[in-house]
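What follows is each chain in one-letter form.
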Amino acid sequence: MPAEPAHAAALAAGRGSARRPTSPGRLLLRRFLRHHLAVASGGVLVVLLLASLAAPLVARLLEVDPDAVDLLNRFAPADARHPLGTDELGRDVLVRLLEGGRVSLFVGLTGAVAAAVIGTAAGLLAGYLGGRTDAVLMRLVDAVIALPLLPLLIVLAAVDLGKLGFPEALIRDEDASLWRILVIVTLVGWTGTARLVRGATLSLREQDFVRAAEALGAGPLTIMRRHILPNVASPVIVATTLSIGNVILVESVLSFLGLGIQPPLPSWGNMLTGAQELIWQAPGLAVWPGCLIFLTVISFNFLGDGLQDAMDPRAD
Amino acid sequence: MLSFLIRRLLGAGLVLLVMSLVVYVLLGLMPGDPIDLMASGDPNMTSADVARLKALYGLDRPLLERYANWLVAALQGDFGFSRLYAVPVLDVLLPRLANTCLLMGAAFLISLLVALPAGMLAAARPRSWLDYGINLFAFAGFSIPSFWLALLLILLFAVELGWLPASGTSAGAGAGWLDRLRHLVLPVMTLSIVSTASLVRFTRAAMLETLRADYVRTARAKGLSFRVVLTGHALRNAMIPVVTILALDFGTLFSGALVVETMFAHLGMGKLIYDAVMGNDFNLALVGLLFATLVTLLANLGADMVYAALDPRISYAR
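As the structure is a computational prediction, the values presented were derived from the model and not from experiment.

A count of helices and strands for chain B gives twelve helices and zero strands. Put simply, chain B runs from its N terminus to its C terminus through helices and strands in the order α-α-α-α-α-α-α-α-α-α-α-α. Dimensions of chain B, computed from the C-alpha atoms along their principal axes, are close to 90 × 60 × 35 Å. Buried positions account for 35% of the 318 residues belonging to chain B. Sequence-distant contacts in chain B: of pairs separated by 6 or more residues, those separated by 24 or more amount to 71%.

Moving on to the overall build of chain A. Helices and strands together make up the secondary structure of chain A, namely 13 helices and zero strands. Reading chain A from its N terminus to its C terminus gives the helix and strand order α-α-α-α-α-α-α-α-α-α-α-α-α. For chain A, buried positions account for 40% of its 316 residues. Expressed as a percentage of contacts within chain A between residues at least 6 apart in sequence, the contacts between residues at least 24 apart total 68%.

This part takes up helix H10 (residues 226–264) of chain B. Residue and element names in this part refer to chain B. In this model, H10 (39 residues) spans only 44 Å end to end at C-alpha, well below the 57 Å of a helix rising 1.5 Å per residue. Where H10 bends most, the angle comes to about 50°, and this point is Ala234. Positive phi shows up at Ala265, right after H10, with a value of about 50°.

To continue, consider the environment of Leu27(A). Mapped onto the elements, Leu27(A) comes out in helix H2 (residues 24–33). Leu27(A) sits 284 residues away from Met311(A) along the chain, and the two C-alpha atoms are 9.4 Å apart.

Moving on, we come to the interface of chain B and chain A. On the side of chain A, 36 residues touch chain B, which itself brings 33 residues to the contact. Elements with a contribution of two residues or more to the side of chain B that touches chain A: helix H1 (2–28), helix H6 (129–143), helix H7 (146–160), H10, helix H11 (269–278) and helix H12 (282–310) of chain B. Examining the composition of the side of chain B that touches chain A, we find that seven residues originate from one element, H10(B), more than from any other. A class-by-class count of the residues in the side of chain B that touches chain A yields 26 nonpolar, seven polar and no charged.

Moving on: the packing of helix H5 (residues 89–124) of chain B against H12(B). Two packed helices can be described by the angle between their axes and the distance between those axes. All names here are of chain B. Where H5 meets H12, the closest approach of the two axes is 10 Å, and the angle between their N-to-C directions is 40°. It follows from the interaxial angle that H5 and H12 lie oblique. Crossing hand, H5 versus H12: right-handed. Across the interface between the two elements, Val89, Val92, Leu93 and Leu97 of H5 pack against Asn283, Leu284, Val287, Gly288 and Phe291 of H12. For the contact of H5 with H12, the per-class residue count stands at seven nonpolar, two polar and no charged.

Another aspect to go through is the confidence of the model for chain B. Residue and element names in this part refer to chain B. Within chain B, residue pLDDT values average 83, and 95% of them lie at 70 or more. Summarising per-element confidence for chain B, the mean pLDDT is lowest in helix H2 (residues 34–40) (70) and highest in H6 (91). Prediction confidence for the complex, expressed as pTM and ipTM, is 0.85 and 0.84 respectively.

Turning next to the confidence of the model for chain A. Where the model shows low pLDDT, its predicted coordinates should not be examined in detail. Predicted confidence across chain A gives a mean pLDDT of 81, with 83% of residues reaching 70 or more. The least confident element of chain A, judged by mean pLDDT, is helix H1 (residues 5–16) of chain A at 52; the most confident is helix H5 (residues 93–129) of chain A at 91.

Take the packing of helix H3 (residues 36–53) of chain A against H5(A) next. Residues and elements named next belong to chain A. Packing of H3 against H5 brings their axes to within 8 Å, and their N-to-C directions diverge by 115°. Taken as a pair, H3 and H5 cross one another with a handedness that is left-handed. For the pair formed by H3 and H5, the contact residues are Leu48, Leu49, Ala51, Ser52 and Leu53 on the first element and Leu98, Gly101, Arg102 and Leu105 on the second. In the contact of H3 with H5, the residues fall into six nonpolar, two polar and one charged.

Moving on to the environment of Ile261(A). Residues and elements named next belong to chain A. Note on placement: Ile261 falls in the loop between helix H11 (220–256) and helix H12 (268–271). C-beta crowding within 10 Å serves as the criterion here: with 26 such atoms nearby, Ile261 is assigned to the buried category. Each C-alpha atom, one on Ile261 and one on His36, is 34 Å from the other, the two residues being 225 residues apart in sequence. For Ile261, the residues in contact, after removing those within four places along its chain, are Val103, Ser177, Leu178, Ile181, Ser255, Ser267, Gly269 and Asn270.

Residues and elements named next belong to chain B. With a phi angle near 65°, Arg127 is a residue other than glycine that sits in the positive phi range. Relative to the elements of secondary structure, Arg127 occurs in the loop between H5 and H6. For Ala265, which is not glycine, the phi dihedral falls at a positive 50°. Relative to the elements of secondary structure, Ala265 occurs in the loop between H10 and H11.

Rules of the game
- Residues numbered from 1 in each chain as written.
- Chains lettered and ligands numbered in written order.
- Predicted model: local features only at pLDDT ≥ 70, side-chain atom pairs only at ≥ 80, totals over all residues.
- Helix = DSSP H or I, 4+ residues; strand = E, 2+ residues; numbered from the N terminus.
- Buried ≥ 20, exposed ≤ 12 C-beta atoms within 10 Å, placed from the backbone.
- Contact = placed C-beta atoms within 7 Å.
- Expected span 1.5 Å × (residues − 1).
- Bend = angle between axes of the 7 residues up to and from the residue.
- Nonpolar A, V, L, I, M, F, W, Y, C, P; charged D, E, K, R; others polar.
- Axes fitted to C-alpha atoms, helices over the stretch in contact; angles between N-to-C directions.
- Parallel < 35°, antiparallel > 145°, perpendicular 65-115°, else oblique.
- Left-handed = near helix turned anticlockwise from the far one by under 90°.
- pLDDT = per-residue confidence, 0-100.

Written as structure tokens, this is what we have:
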């Protein structure tokens, strides 16, 4: 990948005339704003994020407890206290949706970033060092990409941590299922980034500025960090944004199957678990969580698409 | 070609072997073992009985020794008994395998038939309304959770309209092939929508790339119509990256089939594996996972063959 053309343009403009040069960041922003769907998606995501962060506040305002079971008030219709009604255990649907959003967005963002970090490291090592490191890492990537993952993840999610020697207190912890699902989505997510970074590194490795650094005596770690990493940053950012949606989908399907986030901790996936049996009594329960998953995932995908267009205007 | 085939088959065998060990170890880490489950259901069993039974079935041996014993038996075609169904594993598995192949095959064909023309049309008229429409469908398709799509389709076609059955594989023995077909419609529809979406995007991108090539301009310049260039010159080359994606996507297709089968109670491999894991049916889960892997690997191999047929520059002869 050649040096950023935006730099050259900015330099030339600054040298030749008194006109203030356009910074690369500004160019990037201008190109991004042209992608209306991506901008709208960004807005939707900000609203969703703020709303889910405000879940405890909403709960306090409505004076409801998201975990409080009220069997006398099951499937209540929407009213002032429960704007979206109550579920099969009499819990407030709106507050649980917001709480679930917190879980799903947290897993999506953290999982995607963790996977990107691992994938970038693996890709840099495989691409720059080559040889046996490359062969082993890429065989692993090929296997993970080609295998039917979901059945394997189901087995992973069912593993009894006690048999692995984890302390009882940790397993009984309310958030244990959250950490477990994070590890699982990270294990799945790193391969795409690894491939991408390896490919870019292979071509960067042969370029003059890397050769020059090598000739000056820079070690492999320095070259990877100072010379190659900055040049693969933008495709990695795009790929990570696009993978957030996928991570959320994996989390939701595992939670839906009863193997991800464990109730009473709500997630959009596990809120749909009972929905299939309850479709006659309360179709609303089946609609809302799914809508939110769909909206979130498609927004991240549009956002990633917009970032891609902005960062690599030659593509498409 | 033959030596390539042999090398690939050996490679697939190696992957299966590694998979069997990994899955064996993982399944051993699932909560409870069969004897403990038996003991918890029978108050008359003493701990001495439990120990004797474990010794009888070899469950007191080290993990690797147990794995080696399983492997030797499996290589001789003995995959053991299913705990849930109380019959040899293969007796449950093979009919399920047929059902899944039917579901996946149908969804695969439909998504090819829809995605290739749609991707080509979108690439032929980039930035047109048609392109935007097709793109929007593609984005929606790979952003929708498949289990939720299944739920919505059940709500529409089974609950509201009452046209199609909501679940099951058939209404019972002797119900005929038409009934079988009616039970397949919704699962196949769900799986096709999801797998069409990403294929459309790849086809469009590959086609756009190909249409920029010099030989396309040459063909246009010598007076051939756009349509002839599109289908006669560009299509075959655009298919090369698409076939790679298809090969890699079989695993994803199987994962999708698992969700769809669970949603529609379609008696296939995916649901079998899910039920086996949930029901602590160790043998069945292990062999089911290995068969799923085998099917995926063979599909990959098939796609590689097509790849070679499409691109004469690729030669597997060494």
